[in-house]
Amino acid sequence: EIAAITAIVDARQLFHDAGHHSTNGYLKGRLNCSPAEARKIRLRARLCNLHPEVGDLLGASRIGTGQLDLLADVARHPVAGERFGEFAPLLCEQAEQLDYTDFAVAVAHFKAMADPDGSFNDQAFHEDHRTASVNVTGGTVNVHASGGDPIRAVEMKQAFDLACQAEFQRDCATRRDLHGD
């Protein structure tokens with residue numbers, strides 16, 4: 001029911017009428033749910049909007065939210081998602097007939113077959129979508145980094161480990177100054 005209502009709210013952008021800027025904000029406000037749960041609900045709703053047959057199965061209680069989440073995940077896959085519409089009837093049939101664990105295996109197999117060379121794991125993608133930030137707030141540090149290539153990842157990890165070791169050494173020196181050896 002929530003996915004069906006969210007599908008309408010999302011498609012018609014009714015969240016604006018309730019004073020929200022996004023479907024996620026609307027869901028967090030109306031359902032008092034976490035951002036992660038709101039995102040899940042929104043993805044379920046979008047799948048139901050794009051593929052009504054999936055919504056029909058959910059509405060008829062022929063699949064559960066676990067299967068719906070797997071379908072939403074594969075439909076969003078950058079490569080396999082392009083073929084989702086073509087294979088939706090088969091995937092829906094499998095979602096109905098297989099238990100969750102077996103269906104998860106079937107979805108993973110579909111992803112592997114739809115993207116056999118693993119191009120989604122293409123290094124250029126990870127290079128183009130890398131981010132890094134260091135913020136100091138109230139005397140504390142917040143470090144975030146993701147993406148990039150394996151060499152940069154090792155370099156960043158080594159730099160972070162050195163910073164941690166230096167901080168540990170400073171803490172040890174401060175303790176020695178305060179309490180002796």
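What counts and what doesn't
- The written sequence of each chain sets the order in which its residues are numbered from 1.
- Local features are withheld for residues below a pLDDT of 70 in this predicted model, meaning they are given only at 70 or higher, and side-chain atom pairs are given and counted only at 80 or more; totals for whole chains, interfaces and linings count all residues.
- The side-chain figures draw on all heavy atoms in the structure; neither hydrogens nor water molecules are used.
- Between any two strands, at least two bridges found by DSSP are needed for them to pair.
- Here a helix means four or more residues in a row that DSSP labels H or I, a strand means two or more in a row labelled E, and each is numbered from the N terminus.
- For each structure, a 1 Å grid was placed over the protein atoms alone; sets of points admitting a 1.4 Å probe that cannot get out are labelled cavities, open sets with protein on both sides within 12 Å along at least five of seven lines are labelled pockets, and lining residues have an atom within 4 Å of a point.
- Grid points are joined across faces, edges and corners, and a volume is the space filled by probe spheres set on the points.
- By the convention adopted, Pro, Cys, Tyr, Trp, Phe, Met, Ile, Leu, Val and Ala count as nonpolar, Lys, Arg, Asp and Glu as charged, and the other residues, Gly among them, as polar.
- Salt bridges, as used here, are contacts in which a Lys or Arg side-chain nitrogen is within 4 Å of a carboxyl oxygen on Asp or Glu.
- Under the scheme applied here, a residue whose accessible area is under 20% of the maximum for its type counts as buried, over 50% as exposed, and between as partly exposed, the area being computed with a 1.4 Å probe on protein chains only.
- Planes of paired rings set the category: under 30 degrees apart is stacked, over 60 is edge-to-face and the rest tilted, where pairs are Phe, Tyr or Trp rings (Trp by its six-membered ring) whose centres lie within 6.5 Å.
- Contact criterion: two residues are considered in contact whenever any of their non-hydrogen atoms come within 4.5 Å of each other.
- What a helix should span is 1.5 Å times the count of its residues minus one.

Student: I tried to follow the pairing of strand β2 (residues 140–146) on my own but got confused; where do I start?
Tutor: Taken residue by residue, a regular strand's side chains alternate between the two faces of the sheet. Relative to β2, strand β1 (residues 131–137) runs antiparallel, the two sharing seven bridges. From the neighbouring strand, V136 faces β2, where its bridge partner is V141. Two successive antiparallel strands, β1 and β2, enclose a turn made up of two residues, where G138 displays a positive phi of approximately 60 degrees.

Student: So what exactly am I meant to see when it comes to the layout of surface pockets here?
Tutor: The gaps left among the atoms become clear once a water-sized probe is rolled over them. Put simply, the largest pocket is a space of about 270 Å³. Looking at the largest pocket, it is lined by 13 residues, and the ones nearest its centre are V134, V143, A159, F160 and A163. Ranked by residue count, the leading element in the lining of the largest pocket is helix α9 (residues 150–179), at eight residues. Within the lining of the largest pocket, the residues separate by chemical class into nine nonpolar, one polar and three charged.

Student: What am I meant to see in the pattern of salt bridges here?
Tutor: Two side chains that carry opposite charge are able to pair once their charged atoms sit near each other. One pass over the structure, following the stated rule, counts nine salt bridges. One salt bridge in this structure joins R62 and E96, with 2.6 Å as the shortest N-O distance. In this pair, R62 is assigned in the loop between α4 (52–59) and α5 (65–76) and E96 in helix α6 (residues 84–97), connecting sequence segments 34 residues apart. Overall, the relative accessible area of 48% leaves R62 in the partly exposed class. Relative accessible area serves as the criterion here: at 31%, E96 is assigned to the partly exposed category. Put simply, E86 and R83 hold a salt bridge, and the shortest N to O gap is 3.0 Å. Residue class for R83 comes out partly exposed when judged on its relative accessible area of 34%.

Student: Just to check I follow, could you spell out the packing of aromatic side chains for this structure?
Tutor: Here a ring pair, both rings aromatic, is described through the centre-centre distance and the interplanar angle of the planes. All told, the structure shown has one aromatic pair when counted by the stated rule. Look at F87 and F110: their rings are 5.4 Å apart centre to centre, the planes differ by 55 degrees, and that puts the pair in the tilted class. Here the residue F87 occupies a position in helix α6, and F110 occupies one in helix α7 (residues 100–114), the gap between them amounting to 23 residues. Relative accessible area serves as the criterion here: at 27%, F87 is assigned to the partly exposed category.

Student: Looking at this structure, how should I read the environment of L43?
Tutor: Following the sequence through the fold, L43 ends up in helix α3 (residues 35–50). Overall, the relative accessible area of 15% leaves L43 in the buried class. Note: C-alpha distance between L43 and A3 (40 residues apart in sequence) is 8.8 Å. Not counting residues up to four positions away in its chain, the partners in contact with L43 are A72 and R76.

Student: What is the right way to read the side chain of R44 from this model?
Tutor: Along the chain, R44 falls in helix α3. What makes R44 buried here is its relative accessible area of 11%. The contact partners of R44, leaving out residues within four places of it in the chain, are A3, E37, T65, L68 and D69.

Student: Got a minute to help me understand α5 in this structure?
Tutor: Because each turn of an α-helix spans 3.6 residues, side chains separated by three or four positions end up pointing in the same direction. Between its first and last C-alpha atoms α5 spans 16 Å; for 12 residues at 1.5 Å apiece the expected length is 16 Å, and the two agree. Considered for burial, the residues of α5 that qualify are Q67, L68, L70, L71, A72 and V74. Looking at the buried positions of α5, the neighbouring elements they touch are α3, α4, α6 and α7.

Student: Teacher, can you tell me more about α9 here?
Tutor: With 30 residues, α9 should reach 44 Å at 1.5 Å per residue; the first-to-last C-alpha distance of 43 Å fits that figure. Note on α9: the residue one or two positions beyond its end, G180, has a positive phi of about 75 degrees.

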